[in-house]
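Overview (structure and organization)
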Amino acid sequence: MGNFLSPAAWARVIPFVLFMVFLALRGQFSTEDGEASQLPFDARWLYAVSVVVVAASLAWFWRRYDELRHWGMDFKQVLLSIAVGIVVFVLWTRLTAPWMMLGEPSAGFRPVDDDGELMWTLIAFRWVGAALLVPVMEELFWRSFLMRWVDNQDFEKVDPASVTIKAIALSTLCFMLAHTQWLGAIVAGLAYAWLYKKTGSLWAPVLAHAVTNGVLGGWVILNGYWSFW
């Protein structure tokens with residue numbers, strides 16, 4: 001197994017696996033309204049724990065993320081990434097017909113107390129996790145690692161500009177399977193992969209992903225559309 005994945009690969013896989021483990025735990029222990037059914041505390045706080053744990057893992061492996069040590073984007077690429085992030089947000093909130101969904105979310109997140117009041121500490125952890133942590137963690141896994149690994153197991157040698165259609169398609173398919181909104185996930189996965197390939201900078205899909213999730217979080221909070229969280 002040690003020859004199967006390099007240290008650089010494990011540095012991208014482990015934070016993602018940790019996040020998915022906590023997601024599964026929340027799905028296992030949360031009731032419909034998000035409160036704990038079998039734990040001595042509110043299961044929604046598992047998300048806050050996941051933010052801390054995954055952030056710590058990213059910090060621990062940071063020296064392995066050569067792509068993120070330098071910004072490497074010009075002003076036009078920044079604007080392009082922001083624009084792509086906004087477009088993905090708009091499409092994500094509209095591609096919600098029943099046939100566009102893969103079942104129900106595995107772990108709902110409704111940060112409202114018994115009196116109907118917003119729980120702002122939970123909201124802060126959720127927004128920070130979605131807008132700042134998840135884009136880095138997921139783009140390191142899906143685009144930096146998996147997409148290039150499909151083309152070459154020594155993935156760090158793969159220039160983002162040279163990734164094949166096969167690699168983009170397979171990594172986007174896997175990205176889709178990890179999300180309830182399968183069509184929205186395909187759109188997002190292809191958009192972020194295209195940005196990475198076009199700019200050659202992992203910061204481009206990270207920024208776009210952060211814009212998508214950040215704007216989505218604000219929209220969810222303002223409108224109470226908790227099913228998107």
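Here the structure is shown first, and the text comes after it.
The present account deals with the structure reproduced in this document. Residue positions are given per chain, counted from 1 along the sequence in the order it is written. Reporting in this predicted model follows two pLDDT cut-offs: at least 70 for local features of residues, and 80 or more for side-chain atom pairs to be given and counted; totals over whole chains, interfaces and linings ignore these cut-offs and use all residues. In computing side-chain values, all of the structure's heavy atoms are included and hydrogens and water are not.

**What to know about the overall build of the chain**
Here is the rule: Counting from the N terminus, the helices are the DSSP runs of H or I reaching at least four residues and the strands are the DSSP runs of E reaching at least two. The atom set for the radius of gyration is the C-alpha atoms, and the globule formula is 2.2 Å times the number of residues raised to the power 0.38. Note on exposure labels: buried denotes an accessible area under 20% of the residue type's maximum, exposed denotes more than 50%, and partly exposed covers the range between, all computed with a 1.4 Å probe on protein chains only. When checking whether two residues touch, look at their non-hydrogen atoms; a contact exists if any pair is within 4.5 Å. Using a 1.4 Å probe, accessible areas were evaluated by the Shrake-Rupley method; residue-level cover was limited to the displayed protein chains. The positive count covers Lys and Arg only, the negative count covers Asp and Glu only, and His and the chain ends enter neither. A single reference atom marks each charge: NZ on Lys, CZ on Arg, CG on Asp, CD on Glu.
Broken down by element type, the chain carries 7 helices and 0 strands. In summary, the chain has a C-alpha radius of gyration of 18 Å against a globular reference of 17 Å for 229 residues, a match within 12%. The principal-axis extents of the C-alpha atoms in the chain amount to approximately 55 × 40 × 35 Å. Among the 229 residues that make up the chain, the fraction classed as buried is 50%. Here the contacts in the chain between residues at least 6 apart in sequence split such that 72% fall between residues at least 24 apart. Within the structure as shown, the chain displays about 11300 Å² of accessible surface, and the carbon and sulfur contribution to it stands at 66%. Of the charged side chains in the chain, 16 are positive and 18 negative, and the gap between their average positions amounts to 11 Å.

**Quick look at the packing of aromatic side chains**
We count it as follows: Each Phe, Tyr or Trp ring, with Trp reduced to its six-membered ring, pairs with another whose centre is within 6.5 Å; inter-plane angles below 30 degrees give stacked pairs, above 60 give edge-to-face pairs, and intermediate values give tilted ones. The criterion is that NZ of a Lys, or CZ of an Arg, lies within 6 Å of the ring centre and within 35 degrees of the ring normal, and then a charge sits over that ring.
Within this structure, the stated rule accounts for 18 aromatic pairs. Above the plane of the ring of phenylalanine 109 lies arginine 126, whose end atom (NZ or CZ) is 5.4 Å from the centre. Of note, arginine 143 hangs over the ring of phenylalanine 175, and the distance from its end group to the ring centre comes to 4.6 Å.

**Let's talk about helix α6 (residues 182–199)**
What counts is decided by this rule: Here the expected length of a helix is defined as 1.5 Å per residue gap, with one fewer gap than residues.
Across its 18 residues, α6 extends 26 Å between first and last C-alpha, which sits within 8% of the 26 Å expected from 1.5 Å per residue. Those residues of α6 not exposed but buried are Leu183, Gly184, Ala185, Ala188, Gly189, Ala191, Tyr192, Ala193, Leu195, Tyr196 and Thr199.

**A short note on the nonpolar core**
To keep it simple, the criterion reads: The set of buried Ala, Val, Leu, Ile, Met, Phe, Trp, Tyr and Cys residues whose side-chain atoms join them within 4.5 Å is what this entry labels a nonpolar core.
Formed by 64 residues in total, the largest nonpolar core has its most connected members in Leu58 and Phe145. Looking at this core, the elements that each hand over two or more residues are α1 (7–29), α2 (45–61), α3 (75–92), α4 (120–151), α5 (165–177), α6 and α7 (203–223). A per-element tally of this core places α4 first, with 14 residues. Not counting residues within four places of it along the chain, the set of residues in contact with leucine 58 comprises Pro15, Tyr65, Leu133, Val136, Met137 and Leu140.

**Looking at α1**
Between the first and last C-alpha of α1 there are 33 Å, a value that for 23 residues agrees with the 33 Å anticipated at 1.5 Å per step. Residues of α1 that are buried: Ala8, Ala9, Ala11, Arg12, Val13, Pro15, Phe16, Phe19, Phe22, Leu23, Arg26 and Phe29.

**Remarks on the pattern of salt bridges**
It is possible for side chains of opposite charge to pair when their charged atoms get near one another. Keep this limit in mind: When a carboxyl oxygen of Asp or Glu is within 4 Å of a side-chain nitrogen of Lys or Arg, the pair counts as a salt bridge.
One pass over the structure, following the stated rule, counts 6 salt bridges. The residue arginine 148 makes a salt bridge to glutamate 67 at a minimum N-O spacing of 3.3 Å. With a gap of 81 residues between them, arginine 148 in helix α4 and glutamate 67 in the loop between α2 and α3 connect regions that are remote in the sequence. Glutamate 67 matches arginine 148 in its accessibility class, with the two residues each being buried. The shortest N-O distance in the salt bridge between arginine 143 and glutamate 139 comes to 2.7 Å. On the criterion of helical spacing, the pair formed by arginine 143 and glutamate 139 is a turn pair, its members being 4 residues apart in helix α4. Each member of the pair, arginine 143 together with glutamate 139, is buried. Overlapping salt bridges bring together Arg12, Glu67 and Arg148 as one network.

**So, the environment of leucine 133**
Relative to the assigned elements, leucine 133 resides in helix α4. Taking the C-alpha atoms as reference points, leucine 133 and phenylalanine 155, 22 residues apart in sequence, are found 23 Å from one another. The contact partners of leucine 133, leaving out residues within four places of it in the chain, are Ser50, Val51, Val54, Ala55, Leu58 and Val128.

**Observations concerning the packing of α5 against α6**
The following threshold applies: Only the stretch in contact is used when fitting a helix axis, every axis being a line fitted to C-alpha atoms; angles between N-to-C directions are given from 0 to 180 degrees. Should an angle fall under 35 degrees it is taken as roughly parallel, and over 145 as roughly antiparallel, whereas 65 to 115 is taken as roughly perpendicular and any remaining angle as oblique. Two helices crossing with the near one rotated counterclockwise from the far one by less than a right angle form a left-handed crossing, whereas a clockwise rotation gives a right-handed crossing. When residues are grouped by polarity, Ala, Val, Leu, Ile, Met, Phe, Trp, Tyr, Cys and Pro land in nonpolar, Asp, Glu, Lys and Arg in charged, and all others, Gly among them, in polar.
Packing of α5 against α6 brings their axes to within 8 Å, and their N-to-C directions diverge by 140°. One element, α5, and the other, α6, form an angle in the oblique class. In the packing of α5 onto α6, the handedness of the crossing is right-handed. Of α6, the residues touching α5 (which contributes Ile168, Thr172, Phe175 and Met176) are Trp182, Ala185, Ile186, Ala188, Gly189, Leu190, Ala193 and Lys197. For the contact of α5 with α6, a count of residues per class yields 9 nonpolar, 2 polar and 1 charged.

Nothing here speaks to function; it is all geometry.
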